[in-house]
Structure formats: structure tokens, C-alpha cells
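Report on the structure
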Amino acid sequence: MDLCDTPEEAEFRARLRKWLAEVLPTLPPKPDPADWPGRRAYDLGWQRTLYDAGYADVHWDASPALRMIYLEESEKAGAPYVGANFVGLLHAGPTIAAEGTDAQRARWLPPILRGEEVWCQGFSEPDAGSDLAALRTRAHRDGDDYVVTGSKIWTSHAEVADWCELLVRTDPDAPRHRGITWLALPMDAEGVTVRPLRTLAGSTEFAEVFLDEVRVPAANRVGAENDGWRVTMVTLSFERGTAFVGEVVACRRVLRQLANTAKENGRWDDPALRRRLGRLDAEFRALWRLTQWNVSEAAAGGGVPGVGGSVFKLRYSGARQELYDTAADVLGPDALDLDRSWVLDRLSSLSYTIAAGTSQIQRNIVAERMLGLPRGR
């Protein structure tokens with residue numbers, strides 16, 4: 001396999017690298033992490049900058065190779081992450097592009113790309129745990145609307161979102177995977193209440209969302225009624241298959257910084273630590289290659305990632321936790337200082353074996369869909 005850039009790819013890499021070097025020094029200072037309206041404005045401002053420069057749709061329309069180059073060069077240059085826009089750009093947007101009608105694509109995709117609207121994800125529920133199909137939020141059809149009642153939890157950026165990709169149960173008598181519908185919920189609709197949740201790190205990027213007889217136009221349904229589970233699998237395939245790719249590059253950068261810090265503070269003399277760093281380097285190199293494979297497979301399969309995303313998500317979440325556990329070993333007593341680099345990242349890494357489907361769920365998917373093992377009872 002030839003992993004060298006083609007002339008087209010080399011030109012794209014050089015042009016992007018030059019553009020990033022020119023633009024990044026001109027960006028305003030990043031807002032306080034607790035200032036979510038400020039963070040929203042900053043993240044959407046960056047998205048608009050990408051749009052004006054012709055890079056906004058690289059996640060959707062570029063070839064797999066160009067997409068990987070974009071993510072690699074952006075992370076290396078220290079460009080802003082998609083931030084508050086990640087659900088729209090990496091989850092809801094690709095799902096609507098794959099499953100939506102022409103009218104839905106025309107309504108929702110351009111504002112995402114232009115940095116005008118933020119989406120959140122209304123999947124998880126307090127009583128469902130990892131069993132997404134056990135959701136209880138109900139919706140019944142009333143004329144041209146669905147009337148929705150229920151609640152969601154761990155809804156990322158709900159407090160600053162304009163739209164929510166919402167899963168509801170529209171047929172309580174159907175088998176539980178077949179009575180679900182995917183709706184686009186306007187977050188300013190009457191009856192929507194958002195209550196932020198504070199994380200272990202003290203941030204509030206998650207929220208509870210309460211829905212009390214909320215009317216959602218039937219035109220906002222993506223896919224057929226009661227076919228929401230299939231549409232959801234498309235969303236989750238993007239979430240697990242391609243949404244984390246930039247973070248792999250970030251972890252490789254952190255790993256290099258850890259090695260330098262260990263050399264500076266004397267921890268490099270520990271052979272066990274050096275072995276851990278070496279093994280993690282091999283791990284993230286392999287994850288990067290797996291990411292390339294997953295993105296290429298998605299392109300060959302019509303743009304939707306396959307179940308290989310579950311293999312990536314399972315291994316990546318564990319490797320990320322191990323990376324920041326190693327960072328704590330390198331920092332020593334400073335690992336308790338919340339103002340030190342990597343400490344808050346270590347706290348957030350604890351969620352990665354839960355977010356986007358727990359590791360237990362990913363193991364089930366790999367066992368059943370890839371290895372052909374029987375379902376557990």
C-alpha cells in the first residue's frame with residue numbers, strides 16, 4: 001500500500017498548512033471555559049472562517065485522504081476544535097446528508113457549515129442507561145405535528161443549541177427497536193426546559209432536557225416513522241467511526257510532550273515508564289491507521305462508516321485513559337493540580353469508555369456483527 005501523498009494531496013496539504021499559519025495568529029483569544037455563550041460564538045466564528053476559506057465541508061464532501069490530511073494538519077497547527085458545533089458537524093449533519101430529504105438537506109446543512117446553528121444530541125435517558133432501545137420519551141402524531149413528552153440526559157451543549165437530534169418512541173406496542181423515530185427538535189420550542197449538569201472537572205457542557213408536550217413538525221422527521229433505530233445506527237456509525245479522528249492526532253502530540261516532560265523532570269530514567277510510552281506510541285500509530293481504514297471504508301460504502309468504528313471506539317477510549325494515567329505518573333504530585341496541563345484532560349478521559357456507547361456495548365457489537373457470535377440472553 002502506498003501511503004505517500006499524491007500530487008493533489010501534497011498540494012492540498014501545502015495550501016492548508018500555509019493558510020493555517022496565516023490565519024491562526026489572527027484569531028481572538030479563546031473565551032473562559034465556563035462562558036458557554038462565548039465559547040459558542042468563538043467556535044461558530046471559527047467555523048465561519050473555515051467556510052469562507054472553502055474548508056467547511058471537508059468532513060462531508062472531501063475524499064478520505066484529504067479529510068485525514070485536513071484533520072492531521074489542523075491538529076498539528078493547534079487550530080480550534082469544532083467545539084460546540086461537533087454534534088451538527090460530525091453527527092447530525094452527516095446523518096441528514098445521508099438520510100434526509102432534499103428539503104431537509106437544504107434547510108439544515110448550510111447553516112451548520114456556515115457556523116450559524118448549533119445542534120445537540122437527545123439520545124440518552126435517565127432510566128435507559130446504555131440500553132438506548134429502552135428509551136421512554138414518547139411522541140404521538142397530532143395533525144402535522146408530533147407531541148413529545150419525556151426527558152434526556154448527557155445532552156452535549158444543550159444550553160447553547162438551536163436544534164436537537166431527538167429519538168422518541170412513536171409506537172409503544174412495536175418491538176422496542178422498531179417503534180423509534182428520529183426527529184429534529186427546535187430547542188426554542190414551547191415546553192423545552194434545559195438544566196445544565198456539572199461534571200467532575202467542574203464544567204457544564206452536558207445538560208438534562210425536559211420535554212413537556214412539545215410540538216415538533218412532522219416535516220422534521222428524518223427517515224420514516226418507526227424507522228428511527230436504523231437512522232440512529234447511521235448517526236452512531238459517524239460518532240464512533242469518524243468523529244474522533246482529530247483526537248487521535250491530539251493524543252500523539254500529547255504523547256510527545258509527555259516524553260519531553262519526563263526527560264526534563266527525571267521520570268525518563270524509569271524503564272517501565274519508557275516502555276509504557278513506547279507501547280502507547282505504537283497504539284496510537286495503529287489507531288491512526290485504523291482511522292484511515294474506517295474513513296476509506298465509509299467512502300466506499302456511500303459515506304457511512306461500518307462496524308469497524310466500534311473496534312476503533314473500544315480501543316481508542318481505553319488507550320486515551322491509559323495515556324492520561326501515564327501523564328499522572330509523569331507529573332507526580334502535580335497531577336493533583338487542576339491548573340496543570342493534562343489534569344483536567346485526565347478527568348474527562350474517564351468518560352470515554354461511556355460516551356458514544358459504552359465499552360460493553362462496543363464489545364457486543366464487535367462480537368455479534370463482526371465475529372458472528374450469538375446474542376447474549
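This text follows the structure it describes.
Notes on the structure follow. Just so it is clear, the structure is predicted and the values come from calculations on it, not from any experiment. (Residues numbered from 1 in each chain as written. Predicted model: local features only at pLDDT ≥ 70, side-chain atom pairs only at ≥ 80, totals over all residues. Heavy atoms only, no water.)

So, the overall build of the chain
Counting secondary structure elements, the chain contains 12 helices and seven strands. When burial is assessed residue by residue, the chain has 50% of its 377 residues classed as buried. Of all intrachain contacts in the chain linking residues separated by at least 6 positions in sequence, the fraction that spans at least 24 positions is 72%. (Helix = DSSP H or I, 4+ residues; strand = E, 2+ residues; numbered from the N terminus. Buried < 20%, exposed > 50% of the residue type's maximum accessible area, 1.4 Å probe, protein only. Contact = heavy atoms within 4.5 Å.)

With respect to the packing of helix 1 (residues 7-23) against helix 4 (residues 64-77)
Packing of helix 1 against helix 4 brings their axes to within 10 Å, and their N-to-C directions diverge by 30 degrees. By the criterion of interaxial angle, the relationship of helix 1 to helix 4 is roughly parallel. Helix 1 and helix 4 meet at a crossing whose hand is right-handed. For the pair helix 1 and helix 4, contact is made by E8, E9, F12, R13, L16, R17 and L20 and by A65, L66, I69, Y70, E72, E73, S74 and A77, respectively. Its residues placed into classes, the contact of helix 1 with helix 4 shows eight nonpolar, one polar and six charged. (Axes fitted to C-alpha atoms, helices over the stretch in contact; angles between N-to-C directions. Parallel < 35°, antiparallel > 145°, perpendicular 65-115°, else oblique. Left-handed = near helix turned anticlockwise from the far one by under 90°. Nonpolar A, V, L, I, M, F, W, Y, C, P; charged D, E, K, R; others polar.)

Observations regarding the pattern of salt bridges
Applying the stated criterion to the full structure yields 24 salt bridges. As a salt-bridge pair, D227 and R230 come within 2.8 Å of each other at their nearest N and O atoms. Residues participating in the shared-partner salt-bridge network are R13, R17, E72, E73 and K76. (Salt bridge = Lys/Arg side-chain N within 4 Å of Asp/Glu carboxyl O.)

Considering the pairing of strand 2 (residues 138-142)
Direction of pairing for strand 2 relative to strand 3 (residues 145-152): antiparallel, over a ladder of five bridges. Paired with A139 across the bridge in strand 3 is V148. Between strand 2 and strand 3, which pair antiparallel one after the other, the connecting turn spans two residues, and G143 there sits at a positive phi close to 65 degrees. (Pairing = 2+ DSSP bridges.)

Examining helix 2 (residues 36-53)
In a regular helix each residue adds 1.5 Å, so 18 residues correspond to 26 Å; helix 2 covers 26 Å between its end C-alpha atoms and thus fits that length. Residues of helix 2 that are buried include every one of W36, G38, R40, Y42, D43, L44, W46, Q47 and L50, and no others. One side-chain oxygen at the N-terminal end of helix 2 lies 3.0 Å from the backbone nitrogen of G38; it belongs to D35. Of the residues flanking the end of helix 2, it is G54, one or two places downstream, whose phi is positive at about 90 degrees. (Expected span 1.5 Å × (residues − 1). Polar contact = N/O pair within 3.5 Å; in protein donor to acceptor, adjacent residues only side chain to side chain.)

Side note on the packing of helix 5 (residues 86-99) against helix 6 (residues 102-113)
Here helix 5 crosses helix 6 at 160 degrees, and the two axes come no closer than 10 Å. With respect to their mutual orientation, helix 5 and helix 6 come out roughly antiparallel. For helix 5 against helix 6, the interelement crossing comes out left-handed. For the pair formed by helix 5 and helix 6, the contact residues are G88, L89, G93, I96 and A97 on the first element and Q104, R105, W108, L109, I112 and L113 on the second. Its residues assigned to classes, the contact of helix 5 with helix 6 comprises seven nonpolar, three polar and one charged.

Here's the deal with the pairing of strand 4 (residues 163-169)
With respect to burial, strand 4 is a largely interior element, seven of its seven residues being buried. Of the two faces of strand 4, both are covered, the one formed by W163, E165, L167 and R169 as well as the one formed by C164, L166 and V168. Inspection of the sheet shows strand 1 (residues 119-122) paired to strand 4 by four bridges, in the parallel sense. Across the sheet, C120 pairs through a bridge with C164, a residue of strand 4.

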